[in-house]
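# Overview (structure and organization)
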Amino acid sequence: MSLFKARVFVHLRPSVLDPAGEATMSATKRLGIDGVTQIRIGKSIELEIEAENKNDARSKIELMSDRLLANPVIEDWTLEFNDEHKLIKN
Amino acid sequence: MNIGIIVFPGSNCDRDVRWATEGCLGLPTSFLWHETTEIDCYDAIVIPGGFSYGDYLRCGAIARFAPVLNSLISFVNKGGKVLGICNGFQILTELGLLQGALTRNKNLHFICEKVNLSIESTKSSWMKNYKKNDSILLPIAHGEGRYQCSPDVLKKLQDDDSIAIRYADNPNGSIHDIAGITNKEGNVLGMMPHPERACDDALGGIDGKSILSTLLS
């Protein structure tokens, strides 16, 4: 077994309004920064998972992302794998 | 005949619902802890408002994996009546028993006020005391009540006559002013307004009584 590290980014689908992103964008103007045309706020979920190999880890994380971490009705997700992993004894 | 109210860690309208169903309407009501799986002895189930599991990740996202909700799916498939109020509505959409999703209010505010609503569909027994376009007044109290769904799902809701309740003056940006929907069969109703907070004149209105009274009829 190995321990894998990964990061799942969950973001609202482009068709879904993000009022928190729009509120943040209005604050950029108050900060004095012009030219910001879009801000969309999502979540970054860092996780570690024990698995036989990278493919096994990936398929578990994909299932988790589809069923739990993101709601496919309103959200998309992307997965970033950290290629470093460590072997676990036994 | 008996109503069960599911209680999650973080539910906060469970006792309000019992006060309304048992205290105001005289309907036998019990609490059901979220870890139970025995719910077949009930005739109707209410998922109350609140912040189940702290609403971590997304509203209702963690609650949907509670043991009691596995049993709820077969309860619904056998035709059992289920009412989800506010967080309960969010949980029913996460669970897939109702379509669409509830997202952050358009103006980002947590909105706590009374709103005028119109009855849009009378196909389900929940609305049997109403006629289409009847107007009722109920409280809302939510930060994430903006109903969202794809154009295909919206069309299906319309074709199935599943849009049950609409806002007269949309407070949160919900598409098509949707405040409550049923499933196709009509035995599951999810709604953001709180009928249990409008069952006694002392609270400023009794328009919630009618919907709750249909739990056991």
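My aim in this report is to walk through the structure given alongside it, one point at a time. It should be emphasised that the depicted structure is a prediction, and the values quoted were computed from it without experimental measurement.

All names here are of chain B. Take Gly208: it is sitting in the loop between strand 11 (188–191) and helix 5 (209–213). In this structure Gly208 comes out as buried when scored by relative accessible area, which is 0%. Sequence separation of Gly208 and Lys106 is 102 residues, and the distance between their C-alpha atoms is 26 Å. Each residue touching Gly208, except ones within four places of it in the same chain, is listed here: Leu138, Pro195, Ala198 and Cys199.

Chain A puts 15 residues into the contact, and the matching count from chain B is 15 residues. When the two sides are added together, the surface that chain A and chain B hide from each other amounts to roughly 1300 Å², 63% of it contributed by carbon and sulfur. Taken together, chain A and chain B are joined by one salt bridge. Between Glu75(A) and Arg58(B) there is a salt bridge, with its nearest N and O atoms 3.6 Å apart. Taken together, chain A and chain B are joined by six residue pairs in polar contact (both at pLDDT 80 or more). Only helix 1 (19–31), strand 2 (43–51) and helix 2 (54–69) of chain A provide two or more residues apiece to the side of chain A that touches chain B.

Pairs of aromatic rings are described using the distance from one ring centre to the other and the angle between the two planes. Residues and elements named next belong to chain B. All chains considered together, the criterion is met by three aromatic pairs over all chains. With 6.0 Å between their ring centres and 55 degrees between their planes, Phe8 and Tyr53 make a pair best called tilted. Of this pair, Phe8 sits in the loop between strand 1 (3–7) and helix 1 (14–24) while Tyr53 sits in the loop between strand 3 (44–47) and helix 2 (67–77), and the two are 45 residues apart along the sequence. The interplanar angle of 10 degrees and the centroid separation of 6.2 Å between the aromatic rings of Phe89 and Tyr147 together place this pair among those described as stacked.

Residue and element names in this part refer to chain B. Note on placement: Asn183 falls in the loop between strand 10 (178–182) and strand 11. Within the local environment of Asn183, its side chain forms a polar contact with the backbone nitrogen of Val188, the two atoms lying 3.0 Å apart. Filtering out sequence-adjacent residues up to four positions away, Asn183 remains in contact with Val76, Leu97, Leu98, Lys123, Ser162 and Val188.

Cut-offs applied
- Residues numbered from 1 in each chain as written.
- Chains lettered and ligands numbered in written order.
- Predicted model: local features only at pLDDT ≥ 70, side-chain atom pairs only at ≥ 80, totals over all residues.
- Heavy atoms only, no water.
- Helix = DSSP H or I, 4+ residues; strand = E, 2+ residues; numbered from the N terminus.
- Buried < 20%, exposed > 50% of the residue type's maximum accessible area, 1.4 Å probe, protein only.
- Contact = heavy atoms within 4.5 Å.
- Buried area = accessible area lost by both parts, 1.4 Å probe.
- Salt bridge = Lys/Arg side-chain N within 4 Å of Asp/Glu carboxyl O.
- Polar contact = N/O pair within 3.5 Å; in protein donor to acceptor, adjacent residues only side chain to side chain.
- Phe/Tyr/Trp six-rings, centres within 6.5 Å; stacked < 30°, edge-to-face > 60°.

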